[in-house]
Amino acid sequence: MSSRAGSRIQVPPEHYTARSYIGPSREASFRIQEALASDRDPVLEIGIGPGVLSQRLRAKGLRLVTMDIDRRLGPDLAGSITHLPFRDRAFPTVVAFEVL
């Protein structure tokens, strides 16, 4: 069952730990995001899901700020993608895959 955050629907955290969540297409998406962000520091990740990308980018030594509407996922900042609390051009790379 999904929960509502304001007028937005958010899946429960258990959604990201289901065996079926990370299949070949999702793994390919993580690899694309990782490649896009691999040499552009700092990175803003919006919609952290299971934290796979965050772990990979931090393991590469990149400075990363995570943001999600769902505090239960443990982002650095909780908030909406429609109201980012950053100045323009604060991040050379922003990844927000599969959040809509």
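Given the structure is predicted, the values throughout are model-derived calculations rather than measurements.

Got a minute to help me understand the overall build of the protein chain in this structure?
Each helix and strand counted, the protein chain has two helices and six strands in total. Listing every helix and strand of the protein chain by position from the N terminus yields β-β-α-β-α-β-β-β. What you see for the protein chain is a C-alpha radius of gyration of 13 Å, in line with the 13 Å of a compact globule of 100 residues. Dimensions of the protein chain, computed from C-alpha atoms along their principal axes, come out at roughly 40 × 35 × 20 Å. Each of the 100 residues in the protein chain was classed as buried or not, and the buried ones make up 34%. Taking the intrachain contacts of the protein chain between residues at least 6 apart in sequence as the baseline, contacts between residues at least 24 apart amount to 46%. Working note: accessible area of the protein chain is about 6500 Å², and carbon and sulfur atoms make up 52% of it. Taken together, the 14 basic and 11 acidic charged side chains of the protein chain have centroids lying 2 Å from each other.

Can you walk me through the nonpolar core in this structure?
Within soluble globular proteins, side chains that are nonpolar generally end up buried alongside one another. Residues Phe30, Ala37, Val43, Val52, Leu53, Leu57, Leu62, Leu64 and Val95 constitute the largest nonpolar core, which totals nine residues. Secondary structure elements with two or more residues in this core: α1 (24–37) and α2 (52–59). When residues in this core are grouped by element, the largest group, three residues, is from α2. Contact partners of Val95, with chain neighbours within four places excluded, come to Gln33, Val43, Leu44, Glu45, Ile46 and Leu53.

Before we go on, may I ask you to explain the pattern of salt bridges in this structure?
One side chain can pair with another of opposite charge once the charged atoms of both are near each other. Tallied over the full model, the rule gives three salt bridges. In this structure, the salt-bridge partner of Asp76 is Arg58, at a minimum N-O distance of 3.0 Å. Separated by 18 residues along the polypeptide, Asp76 in the loop between β4 (64–68) and β5 (77–78) and Arg58 in helix α2 bring together distant segments of the chain. Take Arg58: its relative accessible area is 41%, and that puts it in the partly exposed class. Two residues, Arg72 and Asp70, come together in a salt bridge whose shortest N-O distance is 2.8 Å.

I would appreciate a short explanation of α2 in the present structure.
For an α-helix, the turn length of 3.6 residues means that residues three or four places apart are oriented alike. Every buried residue of α2 is listed here: Val52, Leu53, Ser54 and Leu57. For α2, the secondary structure elements touched by its buried residues are α1, β3 (43–46), β4 and β6 (93–95). Immediately downstream of α2, the backbone of Gly61 shows phi near 85 degrees, a positive value.

Even after reading the chapter, I still don't get a nonpolar patch on the surface, so can you show me in this structure?
Where nonpolar side chains cluster on the molecular surface, the patch consists of Ile81, Leu84, Val99 and Leu100 and spans about 400 Å² of accessible area. With respect to the element layout, Ile81 can be found in the loop between β5 and β6. In this structure Ile81 comes out as partly exposed when scored by relative accessible area, which is 38%.

So, how was this worked out
Residues numbered from 1 in each chain as written. Predicted model: local features only at pLDDT ≥ 70, side-chain atom pairs only at ≥ 80, totals over all residues. Heavy atoms only, no water. Helix = DSSP H or I, 4+ residues; strand = E, 2+ residues; numbered from the N terminus. Rg over C-alpha atoms; globule rule 2.2 N^0.38 Å. Buried < 20%, exposed > 50% of the residue type's maximum accessible area, 1.4 Å probe, protein only. Contact = heavy atoms within 4.5 Å. Areas by Shrake-Rupley, 256 points an atom, 1.4 Å probe, with all protein chains shown as cover. Lys, Arg positive; Asp, Glu negative; His and termini not counted. Charge placed at Lys NZ, Arg CZ, Asp CG, Glu CD. Core = buried A, V, L, I, M, F, W, Y, C linked by side-chain atoms within 4.5 Å. Salt bridge = Lys/Arg side-chain N within 4 Å of Asp/Glu carboxyl O. Patch = residues over 30% accessible without salt bridge, like charges linked within 9 Å, V, L, I, M, F, W, Y side chains within 5 Å.

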